[in-house]
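What the coordinates show
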Amino acid sequence: MSQPTIESILQEKRIFPPSSDFSRTAHIKSLEDYQKLYDQAQANPEAFWAELAEKELHWFQKWDTVFDWSNPPFGKWFINGKINISYNCLDRHLTTPRKNKAAIIWEGEPGDSRTLTYAQLHREVCQFANVLKSLGVKKGDRVGIYMPMIPEAAVAMLACARIGAPHSVVFGGFSAEALRDRLIDAQAKLVITADGGWRKDAIVPLKPQVDKALADNACPSVENVLVVQRTQQEISMQTGRDHWWHELQKTASPNCPAEAMDSEDMLFILYTSGSTGKPKGVVHTTGGYNLYTHITTKWIFDLQETDVYWCTADVGWITGHSYIVYGPLSNGATTVMYEGAPRASNPGCFWDVIEKYGVNIFYTAPTAIRAFIKMGDQHPKARDLSSLRLLGTVGEPINPEAWMWYHEVIGGGKCPIVDTWWQTETGGIMITPLPGAIPTKPGSATRPFPGILADIVDLEGNPVADNEGGYLVIKYPWPSMMRTVYGDENRFRRTYWEHIPPKDGKYLYFAGDGARRDEDGYFWVMGRVDDVLNVSGHRLGTMEVESALVSHPAVAEAAVVGKPDEIKGEEVVAFVTLEGTHQPSEELANALKQHVVQEIGAIARPGEIKFTDALPKTRSGKIMRRLLRNLAAGQEVSGDTSTLEDRSVLDKLREGN
Ligand code: WT7
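Quick summary incoming for the structure in this document. (Residues numbered from 1 in each chain as written. Predicted model: local features only at pLDDT ≥ 70, side-chain atom pairs only at ≥ 80, totals over all residues. Heavy atoms only, no water.)

Across its full length, the protein holds 21 helices and 30 strands. Whereas a compact globule of 657 residues would reach a radius of gyration of roughly 26 Å, the protein reaches 24 Å, a difference of no more than 12%. Projecting the C-alpha coordinates of the protein onto the three principal axes gives extents of approximately 75 × 65 × 60 Å. Considering the protein as a whole, with its 657 residues, one finds that 62% of them fall into the buried category. Partitioning the contacts of the protein with sequence separation of at least 6, the portion at a separation of at least 24 is 71%. Of the roughly 24400 Å² of accessible surface on the protein, 49% is carried by carbon and sulfur atoms. If you average the places of the 68 positive and of the 82 negative side-chain charges in the protein, the two averages end up 3 Å apart. (Helix = DSSP H or I, 4+ residues; strand = E, 2+ residues; numbered from the N terminus. Rg over C-alpha atoms; globule rule 2.2 N^0.38 Å. Buried < 20%, exposed > 50% of the residue type's maximum accessible area, 1.4 Å probe, protein only. Contact = heavy atoms within 4.5 Å. Areas by Shrake-Rupley, 256 points an atom, 1.4 Å probe, with all protein chains shown as cover. Lys, Arg positive; Asp, Glu negative; His and termini not counted. Charge placed at Lys NZ, Arg CZ, Asp CG, Glu CD.)

Shown next as C-alpha cells:
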C-alpha cells in the first residue's frame, strides 16, 4: 500500500452516493441544498457568515461590521462583536437539557475512564480559570500547555479562553528543546503540564521535560508551572514555581463569569512546521474561529443531539483544538477523548472504544487506518461496530485501497466517509464532502465547504484546466483563517500571500499543496509542494530536521527528504556529510537519530541516515533535494541534472545505494 499516484487516482472512477436513509435526517440533505448554500455564500459571503453567526452563537454584543479586508492580507471578522468561546462551549448549554449530558467521555490507555457532563465540565473550567487568575494570569497573557490526552487538557484550554489568556498547546511528544523554543517565542507566563502520560504502554515523562526546558532560566517569562497528577511517578517540584493542579483546584471558587472578548482577540497560538527556519506560531482569534469550527463540525459530521462523536487526534494538533474541543463542545455534543495510540500490544484498541461507548461518528487519520489494515481484519471483526454511522479522515491524502477498507471493514459498507482537507492555518475543514449531500470518490476530498472559494492555479495565479495539476489556493478569506504568524507579519505575508502574487488586486491564499480538480469539480490533493514532509499525518519541515542534525558535532552538512512509507505515508531520510575525522558507522547513525529525537521529538526520528562524501548541489550551492528524493526511494534519478555542479557526487551516491 502506498501513497496515491496520479496514475492510480486518475483511474479512480468509483462513486458512492449517500444513502437515502442518511440523507433524510442529515443537516444538508441533497446536492441541490449544498449547491444552494454554496452559491448563496459565494454571492454574498458576508451575509452568509453573519446569518450563521447570529443563529449559531451567543454574542455578548453584536458586531458592527462583518468583515474588514482594508489591509490585506490581514483580515478581521465580526468587528466589535463581543464573544467568549468557553461561554459558547459551556454556559449556554446549562440552561438546556444538555446540562447533564456527557460533554467529555475519556478513556485512559491503561483502561481507566471518566465522564464529565456539561455541568461538571463548566464547574471544573470555572475553578481552574480562578486558579490561573490566582497565579496572576490576566487577559492577553500566553499560557503554555504541554499535556497528555486527559480531560484536564480540555479544561485548561477552556479556562484560558474563559479569561482571555491565549493558549499555546505543545504536543506532548515534542522534546524539551522544542518546548523551550515555543515557550520563548510565545513568551508564555505559565505552563500547564502533568507528571506524565500513557503512550504505547509506557509512561511519557512530561514534567521532567518542562524542567529541562525551563532550566538555566531559559524561559524567563514563565513564572509558574501547574502539574496534573496522572502517572504518579516521582517528579521534582520547585518550591514557589511548581504547583499541583489538584491542590489549587480543590479550594478554587466555581464562580467565574466568562470574559467578554473582542471577536478579534487572540484565542490561541499553535506552532507548525514550514519550509524554512523554525516553526511558526499560527495565530487564531475568537469570533471567526468559533463560528467556523462550530458550523463545520455540525454540517460535516452531521451532528445529531444523541450522537457520540470521537476524533482520535491529540489536542497538541489543530485537529484536537477544532474537532475534539471547540467545535464539538460549541455544538453541545458528546466528544470522546482517548489517551492511547494504535499499538501492537492492543490491536483492537480503537474498536474497543467504539464498542464500549457506542461511537456514532469516528474521525481518524489515514496512517492509523493503514496501521490497522496491517494488524488484520480479525480485530475490528471481533467487535460490534454497528453504532457507527459516519467516518472521517484527515491529515494526508488517503489511498483508495485504505479508503475502501475503511468503508467496508469499519463502516460495514453503510457509512459515508468524509475525507477532510485543511491545515493548521485554515482553522477548520475547507474541502470535504457534506455526508448527506455529496457523493464520495475514494481518495478525493470532493468539494469546498460553502463560503470557501478553492481553486487550482499556476504560479502566476491563472486557473489550470480540469485534471491538470497545480497549486491549491483559496481566493476569498473565511472566518477562521489564521491572522498572522505570531510576532512575524512579514513571514505571514511571505509564506502565504507572495508565492503567488495578488492578481488584479485580489489576494490568493497559498496552501502549499499540489492538487488537481476533475471534470466533476472534485478536488484531489496530492501533497506538499514545499520542503515540508508529512510523517504519519504530522507536518515536519526538512530544514528543522537538518538544523537538528548539523547541531551534532560530527555533522558537517545534512539534507533531509521524504521517502514513501507504507504506513507513515512518508519517512524521514537524511543524507549526511561528516566533520573532520569522523567516520560513518552504524553507531554514529543511531546517535544521530537519537540526537534528532532529543532536539525535536520522536516524530522526527530519521528512518535512515545515509552517509556521503558530498551532497549534490547546483552551481549556486543549492542542494538538489529532488535527486535525493529519487535516491531515497530507490528510483532512477529523473529529470534534469544539468545544473549539477559535480556529476561524480551523484554517481557516488548511486553506488552507495
Ligand atoms: C497539511 C496540513 C488539518 C489537519 C491535520 C494536519 C495535509 C491534511 C488532508 C487531506 C490530503 C491533507 C496537507 C496539508 N492534509 N488533510 N484530507 N488530504 N492532504 O494539519 O499539520 O497543518 O498539515 O496536511 O498537505 O497542507 P497540518
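Another aspect to go through is helix H21 (residues 647-656). Every buried residue belonging to H21 is among Val 649, Leu 650 and Leu 653, and all of these are buried. Seen along its axis, H21 keeps its buried residues to an arc of 95°; they face one direction. Opposite its buried face, H21 presents the exposed residues Lys 652 and Glu 655, each directed more than 90 degrees away. Where H21 is buried, its residues contact strand S29 (569-578) and helix H20 (625-632). (Arc of directions from axis to C-beta.)

Now for the environment of Phe 449. For Phe 449, the position within the fold is in the loop between strand S20 (417-420) and strand S21 (454-457). Note on Phe 449: relative accessible area 1%, which makes it buried. For Phe 449 and Thr 420, which are 29 residues apart along the polypeptide, the C-alpha to C-alpha distance reads 10.0 Å. Setting aside residues up to four positions removed in sequence, Phe 449 forms contacts with Tyr 38, Trp 49, Tyr 292, Ile 295, Thr 296, Trp 299, Ile 300, Ile 429, Met 430, Thr 432 and Leu 434.

Around the ligand, 17 residues are found, and the nearest of them are Asp 419, Thr 420, Thr 424, Asp 513 and Arg 528. The contact in question runs from a nitrogen atom of the ligand to an N or O atom on the backbone of Pro 397, over 3.5 Å. Here a nitrogen atom of the ligand and a backbone polar atom of Thr 420 are 2.8 Å apart. When residues of the shell around the ligand are traced back to their parent elements, those giving at least two are helix H12 (318-330), S20 and strand S25 (523-528). A per-class count over the shell around the ligand returns six nonpolar, six polar and five charged. (Near = heavy atom within 4 Å. Polar contact = N/O pair within 3.5 Å; in protein donor to acceptor, adjacent residues only side chain to side chain. Nonpolar A, V, L, I, M, F, W, Y, C, P; charged D, E, K, R; others polar.)

Let us now look at unusual backbone geometry. A negative phi angle characterises most non-glycine residues, just as the trans form characterises most peptide bonds. Between Pro 72 and the following residue, Pro 73, the backbone shows a cis peptide bond with an omega angle of 5°. Mapped onto the elements of the fold, Pro 73 is located in the loop between strand S1 (65-71) and strand S2 (74-79). Phi angles above zero are rare outside glycine, and Asp 216 is one such case at about 55°. Take Asp 216: it is sitting in the loop between helix H9 (207-214) and strand S11 (224-228). The class of Asp 216 is exposed, set by a relative accessible area of 78%.

Just distances and angles here, no functional claims.
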